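# Fold and contact review
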There are 2 protein chains.
Amino acid sequence: MKMLGVLGGMGPLASAEFMRQLTLLTPAERDQDHIPTILWSDPRVPDRTEARVHGGEDPLPALMRGIRGLEAAGCGAIVIPCNTAHGWYDAMQAGTSLPILHIVDAAAEELRRQGIAGGPIGLMGTTGTLDMRLYQERLGIECLTPDPDVQEGQVMPAVGLVKANRVADAYAPLAEVARGLRRRGAVAVMLGCTEIPLGVAAGPALEFPVVDTVAALARAAIGWARG
Amino acid sequence: MKMLGVLGGMGPLASAEFMRQLTLLTPAERDQDHIPTILWSDPRVPDRTEARVHGGEDPLPALMRGIRGLEAAGCGAIVIPCNTAHGWYDAMQAGTSLPILHIVDAAAEELRRQGIAGGPIGLMGTTGTLDMRLYQERLGIECLTPDPDVQEGQVMPAVGLVKANRVADAYAPLAEVARGLRRRGAVAVMLGCTEIPLGVAAGPALEFPVVDTVAALARAAIGWARG
């Protein structure tokens, strides 16, 4: 069995949650039934939204260092539990012969698994991810996004709370934004930043369908590993 | 900053929990404040208790492959979130120039942190760990262990439930065994198998001090990373 490579650390808590979901979603009776995995958790990768929106340092060199490490370790495929990093997907995929399983494809499969066809869907993500139109262009489904003041005043601070280990504090603003998208007509809400499902899981379940992109990517990785 | 190497996958859920604790216990405001870490999660390592007690396959070659991988990735120290694997500690440490932070030393530090001096302490672990006298000899504190029928009838099946992703089912037998050790006079109970704290966390908190060896090892790793 080829090892799975996880290019992580963006953020590290989301990577730990990815490893947990990967394990819990794998049918297994003992250690040896689980998927051999290398997690390259390098939280020093420059901030992806900063790079995209504010002219910050380019994360691509750090991302490619991680990919080289996963190649050297003998991995057979790569997943990246960070949505915004997928803004550099084409450059990363051009730079490695290993397949990189795209998180938006995993999210699309999860929509199908939940029986959700068509939109509009609500899209929550970093300002970088929204600015890149990562979901809008690859999903081909109408996406409703938060107003810019909500995005900067609630979503981005909540993502920052998760990265600062204040997960429980992230619930209220994230739930409020998700409910706002639902009121605007979203049939489901895409939690399109890997910190967001952690915050949303820290309180009562939302009363409408959501897509956890950490779990979706774990399912995609299990699909790769099983055949 | 040198990267931390985690030789994991024994089991993979305990490794994910180690990554979560490592992250949550690190003082951080943003991704870049967290500790760069490589997790080598290879659940194919032969079962350590089988090897020790029943003449099963030697895990050392697989453990050394992981250590070689962590060396090649540029790690500066290694932790192993599996107590029983420490039965091969001397051979692993002799085979690498990187320091391997011993989980029993981390557990001893956690006892001090909790203000627990002297014993007896209750010791829960795999049959391999108990047979090796890993804690008894390195801690220098009297350890009370479950009777053999309880060990084989409750502790080992509960460890197996966690490895099979049935974490909630592991709570009742583990809590019962811990309470039995407490009744025999244990001032605290050492959860000396990295699956056990996961099972114990799946229900109401125990009403006496326990040592979570996953969290203890995470604290030791943070201590190394912070210098």
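Structure's up top.
Below is a short write-up of the structure. (Residues numbered from 1 in each chain as written. Chains lettered and ligands numbered in written order. Predicted model: local features only at pLDDT ≥ 70, side-chain atom pairs only at ≥ 80, totals over all residues. Heavy atoms only, no water.)

## Section: the packing of helix H8 (residues 148-163) of chain B against helix H9 (residues 167-183) of chain B
Residue and element names in this part refer to chain B.
- Interaxial distance between H8 and H9 falls to 8 Å at its minimum, and their mutual angle equals 150°. Accordingly, the angle class assigned to the pair H8 and H9 is roughly antiparallel. For H8 against H9, the interelement crossing comes out left-handed. Touching Val150, Gln154, Val155, Ala158, Leu161 and Val162 of H8 are Val167, Asp169, Ala170, Pro173, Leu174, Glu176 and Val177, all from H9.
- For the contact of H8 with H9, the residue count by class is 10 nonpolar, one polar and two charged. (Axes fitted to C-alpha atoms, helices over the stretch in contact; angles between N-to-C directions. Helix = DSSP H or I, 4+ residues; strand = E, 2+ residues; numbered from the N terminus. Parallel < 35°, antiparallel > 145°, perpendicular 65-115°, else oblique. Left-handed = near helix turned anticlockwise from the far one by under 90°. Contact = heavy atoms within 4.5 Å. Nonpolar A, V, L, I, M, F, W, Y, C, P; charged D, E, K, R; others polar.)

## Brief notes about the sheet that holds strand S4 (residues 100-101) of chain A
- What the eight strands build is an open sheet, ordered S4(A)-S3(A)-S1(A)-S2(A)-S2(B)-S1(B)-S3(B)-S4(B); its pairing is mixed. The open sheet terminates on both sides in strands that have one partner only, identified here as S4 of chain A together with strand S4 (100-101) of chain B. (Pairing = 2+ DSSP bridges.)

## Some points on the packing of helix H1 (residues 12-24) of chain A against helix H11 (residues 213-225) of chain A
Residue and element names in this part refer to chain A.
- Here H1 crosses H11 at 50°, and the two axes come no closer than 9 Å. In terms of orientation, H1 lies oblique with respect to H11. Crossing angle aside, the handedness with which H1 passes H11 is right-handed. Contacts between H1 and H11 pair Ala14, Glu17, Phe18, Gln21 and Leu22 from the former with Val214, Ala215, Leu217, Ala218, Ala221 and Ile222 from the latter.
- Within the contact of H1 with H11, the residues separate by chemical class into nine nonpolar, one polar and one charged.

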